[in-house]
Amino acid sequence: MPDDGRFPIETLQPDPVDVLSRVFGHPGFRGRQEEVVRHVAAGGSGLVLMPTGGGKSLCFQVPALCRDGTGIVVSPLIALMEDQVAALRQQGIAAAALHSDLPEGEARKVLADLHAGELKLLYVSPERLTLEGMLSRLEGLPIALFAVDEAHCVSQWGHHFRPEYRGLGVLSERFARTPRLALTATADPRTVEDIRRQLGLDEDPVFRGGFDRPNIRIEASPRDQERGQLRAFLKEHAGVGGAGIVYCGTRVKTEQTAEWLRADGHDALCFHAGMDAGAKRDAHRRFARGDAVVMCATIAFGMGIDRPDVRWVVHLDLPRSPESWYQEIGRAGRDGLPARALLLYGAGDIALARHRIEESPADPAQKRIERQRLDAMVAIAEAATCRRQLLLRCFGEDASEDRCGNCDVCQDPPRLFDGTVAAQKLLSAVYRTGQRFGVGHVVDVLRGRLTDKVAQFAHDRLPTFGVGKDMADALCRSVARQLVARGALDVAVENHGELVLTDGARPILKGEEKVMLREEVARVGHAPRGARTGAAATPGDPLFERLREWRKAEAQAQSVPAYVIFQDRTLAEIAASRPRSLDQLGTIPGVGRTKLDRYGAAVLKVLSD
Ligand code: ADP
Ligand code: ZN
């Protein structure tokens, strides 16, 4: 065993809490980790549902270290495997990965180590694991456990279905006595049942962690000047360090956004499924390396982002469901430090998403579900009550408090006003102009502006011409958007974006329905004072900065991502408590025994210089 006698040769299993503190340097488990770890260490199987950043990895890493034999981890992405292996090696754990990118010679070496019993954890791609040769090889070896990471890839319900994952059902047949642990951040009940069935875990417990991520401040805002809003947001993050992700609705928008951000002086990259494999891998590596990059991406960029210091996630277009939004913003702040998620959206996005559902080939039941998800997403975007509560309710979780205190609505509640008359004016202007014009022209008619187009269509002779003289343009647009959001108006997005009435408009026009609207006074994406992200460690503390420089050099020398050496959080803690001895340094969370041996002296030297 390569662990230098850290695990005494005895028949008793090491205690999980002990392993956690000695090897990983963490003082205790979080949430349901301990329950899962003890269950698996004792030979049990099950399914773990925890949010991104919830700490799923330890749920299989610790029991693998407690049990005899090698822990086999199935992972869908090579980049993800490599990062995890690098991080494990930093903790002094014998780990390796087997996948199609590995040169033949190296693969042989990994297999030899496996047979010699010298690996505690082996990451394998699903297609490699399910080869007959590999399965029969493993049958002859002591296996501590199987972990299936990103287990939702097995389900066709999710957005990340991977046919190779289907073959993993074989594990329950051929390794019935070996613990099998599936892990995912997807909480959708249908996907969960699918995973259990496919992987033969029907009889085994499901461990559901809390889904709240209180360190992520969430905010949403109508998109009026996309670039200006994003610029203002980025300005608030200047000097904070860490990375950011800008999610865009289309591939071309990722490229355009990265381009103007670069022109603005940001280190911006793009990522989407249309790029070739090499370019994707490069982008992934640049991101993982720990530089302060801005990644402009479609939702194809997600799985396998292990980087703990993503400080913010911005959506420039409306996500299709609260589940996807939650997954995407969950990539921020995995280190537990303050992070921010901003959603920008417009009436066109809402209409486009609705049209896509209607036109999709899905069956009616599936469409109904998609519609409900989209409505829930729109409700969050347009919320007049705590956004986090609305979000958590989508996962069947009822927050105990009324207000989370860390969303824009809680911190700066929008005022509501009775907008029935304003809504009626706008709807009748749409109706009178023949439902053939976009919001710009409708606003001109409402405000009584004699433009060429108004003259051309004689719209100045309509009774609605000028009835909205007292309504500012921004208000008219906001009313239109809110009417789209509540389904009283539609936007013909496939056409020229003309506004069209729906059945939902009638009761409003007839005065049978009261319309409460949000007042929007230039709340465009600005965090209230004091909400700066980046309490991020201790920005500006010269000691912290020196430690980061040391870490950067060390990471470069070993060509590993910076955070696998020490996370920001750990460096901040070191800078704050200024340990004077190795013993003191060893008590800091995140400093396990191996890291203390390897880096302790160097860190103390940085501190004393
Ligand atoms: P997930 O796979 O669920 O997205 P990870 O396993 O990558 O999450 O863990 C997220 C972060 O939380 C990592 O930086 C990890 O070091 C940290 N972490 C997990 N469990 C603990 C713990 N018990 N104590 C301290 N830090 C933890
Ligand atoms: Zn809130």
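Residues numbered from 1 in each chain as written. Chains lettered and ligands numbered in written order. Predicted model: local features only at pLDDT ≥ 70, side-chain atom pairs only at ≥ 80, totals over all residues. Heavy atoms only, no water.

### Quick look at the pairing of strand β16 (residues 498-501)
Note the cut-off: Pairing between strands is defined by DSSP: at least two bridges between the two strands are required. Secondary structure counts use DSSP, requiring at least four H or I residues in a row for a helix and at least two E residues in a row for a strand, with both numbered from the N terminus.
As judged from the four bridges shared by strand β15 (residues 489-492) and β16, these two strands associate in the antiparallel manner. In the sheet register, D490 faces β16, and the bridge partner there is V500. Following β15, the chain reverses through five residues before pairing antiparallel with β16; G497 in that reversal takes a positive phi of roughly 75°.

### Notes on the domain arrangement of the protein chain
A common measure of how large an interface is: the accessible area buried when the components associate. Our working rule: Domain limits in this description derive from either an automatic procedure or a database domain assignment. Residues count as neighbours in contact if any of their non-hydrogen atoms are within 4.5 Å of one another. Buried area: the accessible area, evaluated with a 1.4 Å probe, that two parts lose upon being put together, summed over both parts. We define a salt bridge as a contact between a side-chain nitrogen of Lys or Arg and a carboxyl oxygen of Asp or Glu at a distance within 4 Å.
When cut into domains, the protein chain gives domain 1 (9-208), domain 2 (216-411), domain 3 (416-518) and domain 4 (542-608). Relative placement of domain 2 and domain 3: their C-alpha centres are 30 Å apart. Between domain 2 and domain 3, the residue contacts involve 17 residues of the former and 12 residues of the latter. Overall, the association of domain 2 and domain 3 removes approximately 1100 Å² of surface from exposure, summing both partners, and the carbon and sulfur fraction of that is 57%. Put simply, R481 and E382 hold a salt bridge, and the shortest N to O gap is 2.7 Å. Of all the secondary structure elements, the ones that give two or more residues to the side of domain 2 that touches domain 3 are α15 (347-359) and α16 (364-381).

### Considering the coordination of the zinc ion (ligand 2)
The cut-off we apply is this: Atoms of type N, O and S within 2.8 Å of a metal are treated as its donors, and for Na, K and Ca the window is 3.2 Å; water is not considered, so some sites may appear to be missing partners. In this scheme the shape depends on donor count and angles: four donors with every angle between 85 and 135 degrees give tetrahedral, four or six donors with opposite pairs above 155 degrees and others between 65 and 115 give square planar or octahedral in turn, and any other case is irregular. Burial status follows relative accessibility: with a 1.4 Å probe on protein chains alone, a residue under 20% of its type maximum counts as buried, one over 50% as exposed, and anything between as partly exposed.
Here the zinc ion (ligand 2) is held by C386 (SG), C404 (SG), C407 (SG) and C410 (SG), and the distances to it run 2.3 to 2.4 Å. Of note is the zinc ion (ligand 2), whose four donor atoms meet at the metal with angles of 102 to 118° in an arrangement that counts as tetrahedral. Read in sequence order, the donor residues coordinating the zinc ion (ligand 2) give the pattern C-x17-C-x2-C-x2-C. Remark: C404 occurs in the loop between α17 (387-393) and α18 (408-411) and C386 occurs in the loop between α16 and α17; sequence separation between them is 18 residues. Among the residues examined, C386 registers a relative accessible area of 5% and is labelled buried. Accessibility expressed as a relative area gives 29% for C404, which makes it partly exposed.

### A word on the sheet that holds strand β5 (residues 143-148)
Through backbone hydrogen bonds, the strands of a sheet pair up, either in parallel or in antiparallel fashion. Where we set the bar: Axes, fitted as lines to C-alpha atoms, cover a helix only where it is in contact. Angles between the N-to-C directions of the axes lie from 0 to 180 degrees.
The sheet built from seven strands is open, its strands ordered β3-β4-β2-β5-β6-β1-β7 with parallel pairing. Two strands in the sheet have a free side with no partner beyond their single neighbour: β3 (95-98) and β7 (206-208). The mean inter-strand angle of the sheet, taken between neighbouring strand axes irrespective of direction, is 20°. Of the strand pairs in this sheet, strand β1 (residues 46-49) and β7 are connected by three bridges, and their pairing is parallel. By the bridge assignment for β7, L49 is matched with R208.

### Focus: helix α20 (residues 439-447)
Every buried residue of α20 is listed here: H441, V442, V443, D444, V445 and L446. Of the surrounding secondary structure, the elements contacted by the buried residues of α20 are α19 (420-432), α21 (452-456), α22 (473-485) and β16. Immediately downstream of α20, the backbone of G448 shows phi near 75°, a positive value.

### A short note on the confidence of the model for the protein chain
In regions of low pLDDT, the predicted coordinates are not meant to be interpreted in detail. As a reminder, the rule being used: The pLDDT score gives, residue by residue, the confidence of the prediction method on a 0 to 100 scale.
Per-residue confidence for the protein chain gives a mean pLDDT of 89; residues scoring 70 or more make up 94%. Counting contacts from residues 522-537, a segment whose pLDDT is below 50, to residues more than four positions away or on other chains yields 48 contacts.

### Overview of the packing of aromatic side chains
As a reminder, the rule being used: Between the rings of Phe, Tyr and Trp (Trp by its six-membered ring), a pair exists once the centres lie within 6.5 Å; its type follows the angle of the planes, with under 30 degrees stacked, over 60 edge-to-face, and the other angles tilted.
Taken as a whole, this structure holds nine aromatic pairs when the rule is applied. Here F211 and Y326 contribute two aromatic rings whose centre-to-centre distance is 5.8 Å and whose plane-to-plane angle is 45°, an arrangement assigned as tilted. Of this pair, F211 sits in the loop between β7 and β8 (216-222) while Y326 sits in helix α14 (residues 322-329); the two residues are 115 residues apart in sequence, bridging distant segments of the chain. Considered together, F211 and Y326 belong to a single accessibility category, that of buried residues. Between the aromatic rings of F271 and F301, the centroid separation amounts to 5.0 Å while the plane-to-plane angle is 55°, which identifies the pairing as tilted. Separated by 30 residues along the polypeptide, F271 in strand β10 (residues 268-271) and F301 in the loop between β11 (294-297) and β12 (310-315) bring together distant segments of the chain.

### With respect to the site of ligand 1
Basically, it comes down to this: It suffices for a single heavy atom of a residue to lie within 4 Å of a molecule or strand for the residue to be listed as near it. Within 3.5 Å is the distance limit for a polar contact, defined as a pair of N or O atoms, with the added protein rule that one can donate a hydrogen and the other accept it, and that residues adjacent in sequence qualify only through two side-chain atoms. Using the Shrake-Rupley algorithm and a 1.4 Å probe, accessible areas are obtained, with residue cover drawn only from the displayed protein chains. Site definitions follow a grid-based scheme: protein atoms alone, a 1 Å grid, a 1.4 Å probe that fits but cannot get out for cavities, and for pockets an open set with protein on both sides within 12 Å along at least five of seven lines, plus lining residues having an atom within 4 Å of a point. Grid points define the cavity or pocket, and a molecule sits in it when more than half of its atoms lie within 2 Å of them. In this classification, Asp, Glu, Lys and Arg are treated as charged, Ala, Val, Leu, Ile, Met, Phe, Trp, Tyr, Cys and Pro as nonpolar, and every other residue, Gly included, as polar.
Looking at ligand 1, there are 15 residues lining it, with G28, G53, K56, S57 and Q567 nearest. Separating an oxygen atom of ligand 1 from a backbone N or O atom of G54 is a distance of 3.4 Å. Measuring from an oxygen atom of ligand 1, one finds a side-chain N or O atom of R334 at 2.9 Å. In isolation ligand 1 offers 570 Å² of accessible surface; the protein chains occlude 84% of this area. The cavity where ligand 1 resides is the largest pocket. The class makeup of the residues in the shell around ligand 1 is three nonpolar, nine polar and three charged.

### Considering the nonpolar core
As a reminder of what qualifies: What makes a nonpolar core is a set of buried Ala, Val, Leu, Ile, Met, Phe, Trp, Tyr and Cys residues whose side-chain atoms join them at distances within 4.5 Å.
Residues L122, L129, L138 and L489 are the most contacted members of the largest nonpolar core, which totals 106 residues. Once residues lying within four places of it in the same chain are set aside, the contact partners of L489 are L426, L427, V430, A480, L483, V484, L499, V500, L501 and T502. Among the nonpolar cores identified, the runner-up in size contains 33 residues, and L20, M50, L183 and F207 belong to it.

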